[in-house]
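# Per-entry structural report
One letter stands for each residue in the lines below.
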Amino acid sequence: YLLLLLRRYIDDIFAIVDKGSEEWKDWIWDERKGGGSDGIYPTHLVNTAGEMVERPMALTLEPGQMARYLDLLIEIKTHGGVTRLRHRMYDKRSEMQAFKGIRKFPHRSSVLDDSVKSRVIDNEVARYDKRNSGVSGFRKDVVEYATSRLEHGYDLATILRRVRAYRKDRKGNWAESREFIIRRVTAAAARVQINPESVVPVKE
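Remember, it's a predicted structure, so these values are computed and weren't measured experimentally. (Residues numbered from 1 in each chain as written. Predicted model: local features only at pLDDT ≥ 70, side-chain atom pairs only at ≥ 80, totals over all residues. Heavy atoms only, no water.)

For the structure shown, the criterion picks out 6 aromatic pairs. Centroid distance Phe-105 to Tyr-154: 5.8 Å. Interplanar angle 85°. Geometry classified as edge-to-face. One end of the pair, Phe-105, is in the loop between α1 (92–95) and α2 (114–131); the other, Tyr-154, is in the loop between α3 (135–151) and α4 (156–165), and 49 residues separate them in sequence. On the basis of relative accessible area, Phe-105 is assigned to the buried category, the value being 7%. The class of Tyr-154 is buried, set by a relative accessible area of 11%. (Phe/Tyr/Trp six-rings, centres within 6.5 Å; stacked < 30°, edge-to-face > 60°. Helix = DSSP H or I, 4+ residues; strand = E, 2+ residues; numbered from the N terminus. Buried < 20%, exposed > 50% of the residue type's maximum accessible area, 1.4 Å probe, protein only.)

Our focus in this paragraph is the packing of α2 against α3. Orientation of α2 relative to α3, taken along the N-to-C sense of each, is 160°, at an axis distance of 9 Å. Between α2 and α3, the angle is such that the two are roughly antiparallel. In this structure, α2 meets α3 at a crossing whose hand is right-handed. Across the interface between the two elements, Lys-117, Val-120, Ile-121, Glu-124, Val-125, Tyr-128 and Asp-129 from α2 touch Phe-138, Asp-141, Val-142, Tyr-145 and Arg-149 from α3. Taken together, the residues that form the contact of α2 with α3 break down as 7 nonpolar, no polar and 5 charged. (Axes fitted to C-alpha atoms, helices over the stretch in contact; angles between N-to-C directions. Parallel < 35°, antiparallel > 145°, perpendicular 65-115°, else oblique. Left-handed = near helix turned anticlockwise from the far one by under 90°. Contact = heavy atoms within 4.5 Å. Nonpolar A, V, L, I, M, F, W, Y, C, P; charged D, E, K, R; others polar.)

We now examine the layout of surface pockets. In this structure, the second largest pocket occupies an estimated 680 Å³ of space. As for the second largest pocket, its lining consists of 29 residues, and the residues nearest its centre are Ser-94, Lys-104, Lys-140, Glu-144 and Tyr-145. Broken down by secondary-structure element, the contributors of at least two residues to the lining of the second largest pocket are β9 (82–89), α1, α3 and α5 (174–191). When residues of the lining of the second largest pocket are assigned to their parent elements, the largest contribution, 10 residues, is made by α3. (1 Å grid on protein atoms, 1.4 Å probe; cavity = no way out; pocket = protein on both sides within 12 Å on 5 of 7 lines; lining within 4 Å. Points joined across faces, edges and corners; volume = space filled by probe spheres on them.)

Limitation: the analysis is restricted to geometry and does not speak to function.
Written out as structure tokens, the structure is:
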């Protein structure tokens, strides 16, 4: 069998293997007592009945062209006869209905200094840039994030200033992406509705 890539981050494992290959799964079992691999899954566990269960966390795999790994959605894409790995941002808080509308940045009235609140924008733009292999995903994530800040009462001018200040050009077309994002966010500001959660009541 052929193992093309294996990455592990604590209990998250990402592997690219031959279709139908099963042998690589032996590497994920914790067999250090017998001089084996440093895996993450125990080879045996005692259940509530006091019985020893072998391979209690055996994996059932389904081959596919897409997988979620940490905050990435990784896909195998073929275009023009060339097959490549492509990745885009994956955020449970955005993908799951239960977290829809949740705020992912400091509250507007937080006691944090304004410079700290604005630097959060810098960090998120950089994160979206790294997590998206394509331009369209990067632009989409930045526009959605900026729009969310508008909905929670942040001012348009500060958001656009931080977008303009971003200087990393990982994809070679930041100037074009910057203007695209500015146009979309400016348009969103004209129709945005403030989330009531961002409004701080004033005591008379």
